[in-house]
Amino acid sequence: MNVVTKLSPKDYATDQEVRWCPGCGDYAILKGVQRTMSDLEADPEKTVFISGIGCAARFPYYMETYGFHTIHGRAAAVATGTKLANPDLEIWLVSGDGDSLSIGGNHLLHLLRRDIDINYLLFNNEIYGLTKGQMSPTSRRGTVSPSSPRGSMDAPVHAIAFALGAGARFVARTYDVAQPHMIATLKRAHAHRGTSFVEILQNCIVYNPDVFADITDKAVASDHQIHLEHGAPLLFGKENEKGLRLDPRTLSIEAVTLGENGVTETDILVHDETNPVLASLIAKMAPPHLPEALGVIYCAADAAPQPEKAERPSSEVMAERLNALMRMGHTWHVG
Amino acid sequence: MTVQLKDSAKHNKTPADREVLESAVVRFAGDSGDGMQLTGAQFTVSSAVAGNDLVTFPDFPAEIRAPVGTTFGVSTFQINFGTREIRTAGDTLDVLVAMNPAGLITNLEDLREDGLLIIDENTFQERNLKKAGYETNPLEDGSLAKYRVMTLEISKYAQNAAKAVENVEITNKESVRTKNMWALGLVLWLFDRDTVVTKERLEQKFAKLPDIAKINVAALVAGHAFGETMELAPGASAYHVPPAELPAGEYRNVTGSQGICWGLATGAHLAGLELVYCSYPITPASNMLHILAGMAEDLGVKTFQAEDEIAAATAAIGASYAGGIGVTGSSGPGVALKTEAIGLACAAELPMIIVNAQRGGPSTGLPTKTEQSDLYQSVYGRNADSPLVVLAAHSPGDCYYMAVEAVRLATKYMTPVILLSDGYLANSSEPWSVPDVSSMQPFGVTTTTVPENFEPFMRDPKTLARPWVVPGTPGGIHRIGGLERAQGSGNVSYDPDNHQEMTDLRAAKIRGIAHDIPEQTVERGDAEGDIAVVGWGSTFGPINRAVENLRDEGLSVSHVHINHIWPLPANLKDVLEKFPKILVPEMNNGQLVNLLRAEYLLPAESLPKVSGKPFKVSEIEDAVRSRLGENE
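Residues numbered from 1 in each chain as written. Chains lettered and ligands numbered in written order. Predicted model: local features only at pLDDT ≥ 70, side-chain atom pairs only at ≥ 80, totals over all residues. Heavy atoms only, no water.

*Asks:* Just give me the short version of the side chain of Glu199 of chain A, but keep the residues and values in it.
*Replies:* Locating Glu199 of chain A in the fold gives a position in strand β6 (residues 196-201). Beyond its immediate stretch of four places on either side in the chain, Glu199 of chain A contacts Leu122, Asn124, Ala159, Ile160, Ala172, Arg173 and Thr174 of chain A. (Helix = DSSP H or I, 4+ residues; strand = E, 2+ residues; numbered from the N terminus. Contact = heavy atoms within 4.5 Å.)

*Asks:* Describe the nonpolar core, with residues and values.
*Replies:* Counting 161 residues, the largest nonpolar core has Phe68 and Phe197 of chain A together with Leu264, Ile353, Val534 and Leu596 of chain B as its most contacted members. Looking at which element gives the most residues to this core, the answer is helix α14 (residues 396-413) of chain B, with 10 residues. Phe197 of chain A has contacts with Leu108, Leu112, Tyr120, Leu122, Ala159, Ile160, Ala163, Phe170, Val171 and Ala172 of chain A, leaving out every residue within four places of it along the chain. With 50 residues, the next largest nonpolar core counts Phe28, Leu116, Ala158 and Leu188 of chain B among its residues. (Core = buried A, V, L, I, M, F, W, Y, C linked by side-chain atoms within 4.5 Å. Buried < 20%, exposed > 50% of the residue type's maximum accessible area, 1.4 Å probe, protein only.)

*Asks:* Break down the sheet that holds strand β3 (residues 53-59) of chain B for me, citing the residues and quoting the values.
*Replies:* Residues and elements named next belong to chain B. Taken in spatial order, the 6 strands of this open sheet run β3-β4-β2-β5-β6-β7, and their pairing is mixed. The open sheet is flanked by β3 and β7 (148-152), the only strands paired with a single partner. Strand after strand, the sheet turns through a mean of 15 degrees between neighbouring axes, direction not considered. As judged from the 7 bridges shared by β3 and strand β4 (residues 74-82), these two strands associate in the antiparallel manner. Bridge assignment links Asp53 to a residue of β4, and that residue is Gly82. Helix-sheet contacts for helix α1 (residues 36-49) involve β2 (23-31), β3 and β4, and the interaxial angle to β4 is about 10 degrees. Packing against the sheet, helix α6 (residues 179-190) makes contact with β2, β5 (93-98), β6 (111-120) and β7, and its axis sits at approximately 140 degrees to β6. (Pairing = 2+ DSSP bridges. Axes fitted to C-alpha atoms, helices over the stretch in contact; angles between N-to-C directions.)

*Asks:* With reference to specific residues and values, describe the sheet that holds strand β22 (residues 604-608) of chain B.
*Replies:* Residues and elements named next belong to chain B. Taken in spatial order, the 4 strands line up as β19-β18-β21-β22 in an open sheet, and their pairing is parallel. Pairing within the sheet leaves two strands with one partner each, and these edge strands are β19 (557-562) and β22. Neighbour-to-neighbour, the strand axes of the sheet open up by a mean angle of 25 degrees, direction not taken into account. Bridge analysis of strand β21 (residues 581-586) against β22 gives 5 bridges, and the strand direction is parallel.

*Asks:* Kindly report on the interface of chain B and chain A, identifying the contributing residues and their values.
*Replies:* Across the contact, 75 residues belong to chain B and 52 residues belong to chain A. Considering only the surface of chain B that becomes buried against chain A, Glu307, Ile477 and Arg479 of chain B emerge as the three largest contributors, covering 13% of it. The tally of links between chain B and chain A comes to 4 salt bridges. The closest approach of N and O atoms between Asp298 of chain B and Arg321 of chain A, which form a salt bridge, is 3.8 Å. (Buried area = accessible area lost by both parts, 1.4 Å probe. Salt bridge = Lys/Arg side-chain N within 4 Å of Asp/Glu carboxyl O.)

*Asks:* Report on the packing of helix α9 (residues 256-271) of chain B against helix α10 (residues 286-294) of chain B, specifying residues and quantitative values.
*Replies:* Packed helices, taken two at a time, are described by their axes: the angle between them and the distance between them. Residue and element names in this part refer to chain B. Two elements in contact, α9 and α10, have axes whose closest approach is 9 Å; the angle formed by their N-to-C orientations is 50 degrees. By the criterion of interaxial angle, the relationship of α9 to α10 is oblique. The interaxial crossing formed by α9 with α10 has right-handed handedness. On α10, the residues touching Ser257, Gln258, Ile260, Cys261 and Trp262 of α9 are Asn287, Met288, Ile291 and Leu292. (Parallel < 35°, antiparallel > 145°, perpendicular 65-115°, else oblique. Left-handed = near helix turned anticlockwise from the far one by under 90°.)

*Asks:* Residue-level account of the pairing of strand β12 (residues 325-330) of chain B, with values.
*Replies:* Consecutive side chains along a regular strand alternate between the two faces of the sheet. All names here are of chain B. Among the 6 residues in β12, 6 count as buried, and that is most of the element. Here strand β10 (residues 275-279) runs beside β12; their pairing, made up of 5 bridges, is parallel. By the bridge assignment, Val276 is partnered in β12 with Gly326. As paired strands, β12 and strand β13 (residues 352-358) are joined by 4 bridges and run parallel to one another. Paired with Gly329 across the two strands is Val355, which belongs to β13. Traced from β12 through helix α12 (residues 332-348) to β13, the parallel crossover comes out right-handed. (Right-handed = clockwise from strand over helix to strand, strands pointing away.)

*Asks:* An account of the environment of Asp97 of chain A is needed here, citing residue identities and associated values.
*Replies:* Residues and elements named next belong to chain A. Inspection of the secondary structure assignment puts Asp97 in helix α3 (residues 97-103). Separated by 43 residues in sequence, Asp97 and Gly54 place their C-alpha atoms 9.2 Å apart. Every residue in contact with Asp97, bar those within four places of it in the chain, is listed here: Ser102, Leu122, Phe123, Asn124, Asn125, Glu126, Ile127, Ser136, Pro137 and Thr138.

*Asks:* Talk me through the environment of Ile517 of chain B; I want residue IDs and the actual numbers.
*Replies:* All names here are of chain B. Counting through the fold element by element, Ile517 comes out in the loop between α16 (496-512) and β18 (531-536). The class for Ile517 is buried, based on a relative accessible area of 9%. Distance in space between the C-alpha atoms of Ile517 and Leu409 is 9.2 Å, their sequence separation being 108 residues. Each residue touching Ile517, except ones within four places of it in the same chain, is listed here: Glu405, Arg408, Leu409, His564, Pro567, Leu568 and Pro569.

*Asks:* Explain unusual backbone geometry to me, and be specific about the residues and the numbers.
*Replies:* Most peptide bonds adopt trans geometry, and most residues besides glycine take a negative phi value. Residues Thr283 of chain B and Pro284 of chain B are joined by a peptide bond in cis, for which omega reads 0 degrees. Following the sequence through the fold, Pro284 of chain B ends up in the loop between β10 and α10. The phi dihedral of Glu126 of chain A is positive, around 60 degrees, even though this residue is not glycine. Its identity is not glycine, yet Asn167 of chain B carries a phi of approximately 60 degrees, on the positive side. Structurally, Asn167 of chain B can be placed in the loop between α4 (154-163) and α5 (172-176). Note on Asn167 of chain B: relative accessible area 76%, which makes it exposed.

Written out as structure tokens, the structure is:
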């Protein structure tokens, strides 16, 4: 097939029956990713989706690109090897919260610090879905589940704070049904050279329904979300009447209303996605007192160098080089 | 000073009045900070350059710097070199160099009666004697009477030599640390070697520390000169070991780790692929990571030091998926962590190589001691029915060819291959006829050819391998994974009949390799006889020498050595059935023996040894004699 015309989102879908529960947030993410591929005019033959284990990890089977469904927690390591062997490939990694932050936590840490050019999509639903509903490393304290019938006692991992702590150079957050926002965020992730870490809040309709309702419900969305834009003041609310201000006495962020208590727009923080200190402050904001930050939280100003595919010399040259290698040091002739 | 070298009336003498020996075994023993490994390595290079055949055996503690003077801190380097073919590091020592009491007490039992003992008497003070466990000074209590003893003030002589060097700034400590080079100088003289090669090496090694280079060279030369001017007892002589008659060729000294690394690089070259070596540091496999990382990038080699053993294995799989040859190297405990990943390579049918430099176990076990107890782990050690290829190298030079073979089989059959070496093979060395890579036949591997009517799990009717089509290939888009997949299409399938068929196919593919590997031969001896001694891996040397010796005595014994552990060679059963008795010496508690019994229902008997040390020739000889009803 000689592709000249732009592929539509449908062209990135396989003929395989999608086997997520009806109403699962994964459907919306799949749709958003296929639209992103189409908008980016991604070459399916140079695109690889790599996943670990879990509901999210079925994703590659549904993408008409190259794909590898690997083992639990190890997608980041497999993807690292894939990128090492062929830096020309465009790699998207799909993983859930258990896959990424429990069994695969070590690999995610090292992928981020190495900054290998991979787009990492963390589908966070704060629960183990495929194994039928146990608490996950991102479950909130008190989560009642088959493995925590009296409520979980563990403090949750904060995915974005973890990524920033590991030295991630691109960190963003979006959620499943926010299609235009998700697509825009994924495009930014794609444009970044290095590991792009995107947390996608994803609703598990069976085992953890509506866990993000206090962020995503239409009734509260404008007060509980802040959409980040580099260089723009950090405003939110229906009429952008609220904003974020730094409290210098406590080095913390507070929500304020413009016009109240003498607050003007000059008091409001301006988003600088290249500022790691600001990123760490806004990353952990959560309702009800502060809005959840959505969009690009951090994008390092300077791109890290990425390896390029090396040309292989001819077979004759390679044989000569190997012969020379094995004759370095002391050799002697017999006969 | 007592010097009493052996009377040599029955041997021919060289013009220099040296006794000519067919072979000799020398061991340097000292504290792990005394530089015994460097000393042994230098003596090895000199012996190799002098044209001897040789085998070395470095043995050192797991602790990097164990407390000074303790028995567990002793580091040794043994070399067997000769004018005849050398197959082992030697059972008993002809010469033992003991740099301190701990080195003496832990190694003396291996010195033959009348053997030469060279001792640094400066270290035999009360404190060191006590640490080593001596109640009386062995230099004074007559307990060394059955050996020929040279007690020398090696530390003092070395220090004097170092201090005599003009225009250098050195500390006392640095000057006394040259004692190993002084001892080396003396042993070089003892075996009729000059100091040229060692001088060159020292100057290279200490290129950035010219003062240190100078004092070490001074100590070396002083030790050598000491030998030259030493007055020997009447009738005594030093030695000469003439060059060995090796087949014609260009030779070098090679360790097992070098053999494997160069073999992997050569195999990747023959497959037309990049070698991607992914590893996590572990003894005794780390050397392979160092060697490959040190190779120039233009040799088609990439290395990746992963965050853990699992990442190393899965990154290797990712590399193979993308069209490199993914290799992960480790030792038993590390391979245990990789097993789930290896199962993925079995299921997804991707090439992958796992090198296991085996060590003593279980668990952390004996990190620096050799063992070959991971055969079960290699053949059986995964969940479910997950067959793969297992190869075992039997000498440092053979490591090269088995690594090439591992790449050939992994890429031809789209399968993981486990290549077994061990701590002994990894560190020991032998002279090796360096191959010519340009004369080797390429494997003809394709990764970007999309067959007609392509399906990811269509199969070559002959090999049963699926096609290797890597991401980036036009017209080859497909998905693979660890879920069971439909034969042909590769789509996820829970169909019961399909699972049976795929399980059978995976097994048949590996079993079929038995017809694509060399036929089993008898390594030494006749094709029929009273007893076959069957080995694998690094037991090759002692078994081969033992069988040769026993055949010289007139016993009907043969040596069969298995390099392809799984699948076993197709004719192996026929070979073994010609012998009523089968003895299987292994550095484990009996693993190959049970594999052979299970496969062939043959009366194979185990000869296990798990002391962390290789077999002695005599141990195998004794065992065979007792099986044949001979008096020991």
